[in-house]
Amino acid sequence: MNSIQEERQEIRKDRYLRILKNTGIPLAIVSVACLWLGNALTSDALGKVFIVTMPLVLLIGFTYNVRYLILALRLKKQQER
């Protein structure tokens, strides 16, 4: 079980994963906040900000998951050798 945790720690040290995480999480918070506040305040401007940020958040999240999967498979192949 420790080896699995060590593998995850090694994968999460990847520079690009950290960049994606550090941009994606705050952007997701802004996006959701704009959705809620836009609905509560009936603000069209905040709704438009949500419409712009939502696809970016989804793209960053998808990219993070694909990168993580690629690194995990690469690590598994290295361990099999």
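Figured I'd write up the structure that's included with this text.

Reading the values: the criteria
- Residues numbered from 1 in each chain as written.
- Predicted model: local features only at pLDDT ≥ 70, side-chain atom pairs only at ≥ 80, totals over all residues.
- Heavy atoms only, no water.
- Salt bridge = Lys/Arg side-chain N within 4 Å of Asp/Glu carboxyl O.
- Helix = DSSP H or I, 4+ residues; strand = E, 2+ residues; numbered from the N terminus.
- Buried < 20%, exposed > 50% of the residue type's maximum accessible area, 1.4 Å probe, protein only.
- Axes fitted to C-alpha atoms, helices over the stretch in contact; angles between N-to-C directions.
- Parallel < 35°, antiparallel > 145°, perpendicular 65-115°, else oblique.
- Left-handed = near helix turned anticlockwise from the far one by under 90°.
- Nonpolar A, V, L, I, M, F, W, Y, C, P; charged D, E, K, R; others polar.
- Contact = heavy atoms within 4.5 Å.
- Polar contact = N/O pair within 3.5 Å; in protein donor to acceptor, adjacent residues only side chain to side chain.
- Patch = residues over 30% accessible without salt bridge, like charges linked within 9 Å, V, L, I, M, F, W, Y side chains within 5 Å.
- Areas by Shrake-Rupley, 256 points an atom, 1.4 Å probe, with all protein chains shown as cover.
- Lys, Arg positive; Asp, Glu negative; His and termini not counted.
- Charge placed at Lys NZ, Arg CZ, Asp CG, Glu CD.

Now for the pattern of salt bridges. Counted under the stated rule, the structure contains one salt bridge. A salt bridge links aspartate 14 to arginine 67; the nearest nitrogen and oxygen atoms lie 3.0 Å apart. Residue aspartate 14 is found in the loop between α1 (2-12) and α2 (15-40), and its partner arginine 67 is found in helix α3 (residues 44-80); the two are separated by 53 residues along the sequence. On the basis of relative accessibility, which here comes to 15%, the residue aspartate 14 falls in the buried class.

Okay, the packing of α2 against α3 next. In contact at an axis separation of 8 Å, α2 and α3 are set at 150 degrees when each is read in the N-to-C sense. Relative to α3, the element α2 lies roughly antiparallel. Considering how the two elements wind past one another, α2 and α3 form a crossing that is left-handed. Tallied by class, residues from the contact of α2 with α3 come to 18 nonpolar, six polar and two charged.

Attention now moves to the environment of arginine 67. For arginine 67, a relative accessible area of 23% puts it in the partly exposed group. Residues arginine 67 and glutamine 79 lie 12 residues apart in sequence; the distance between their C-alpha atoms is 18 Å. Other than its neighbours up to four places away in sequence, arginine 67 contacts Asp14, Tyr16 and Leu17. A polar contact of 3.0 Å, which involves the side chain of arginine 67, links it to the side chain of aspartate 14.

Looking now at a positive patch on the surface. On the surface, Arg8, Arg12, Arg15, Arg18 and Lys21 cluster together into a patch of positive charge. Going through the elements one at a time, α1 and α2 are the ones with two or more residues in the positive patch. Considering every element that reaches the positive patch, the biggest residue donor is α2, with three residues. Residue position: lysine 21 is located in helix α2. Judged by relative accessible area, lysine 21 falls into the partly exposed class, the value being 39%.

In this section: a nonpolar patch on the surface. There is a patch of nonpolar side chains on the surface, built from Val32, Leu35 and Trp36 and spanning about 320 Å² of accessible area. Relative to the helices and strands, valine 32 is located in helix α2.

This part takes up unusual backbone geometry. Trans is the prevailing form of peptide bonds, just as negative phi is the prevailing case for residues other than glycine. The phi angle at threonine 42 is positive, at roughly 45 degrees, despite the residue not being glycine. Along the chain, threonine 42 turns up in the loop between α2 and α3. Note on threonine 42: relative accessible area 66%, which makes it exposed.

So yeah, pure geometry; function would need other evidence.
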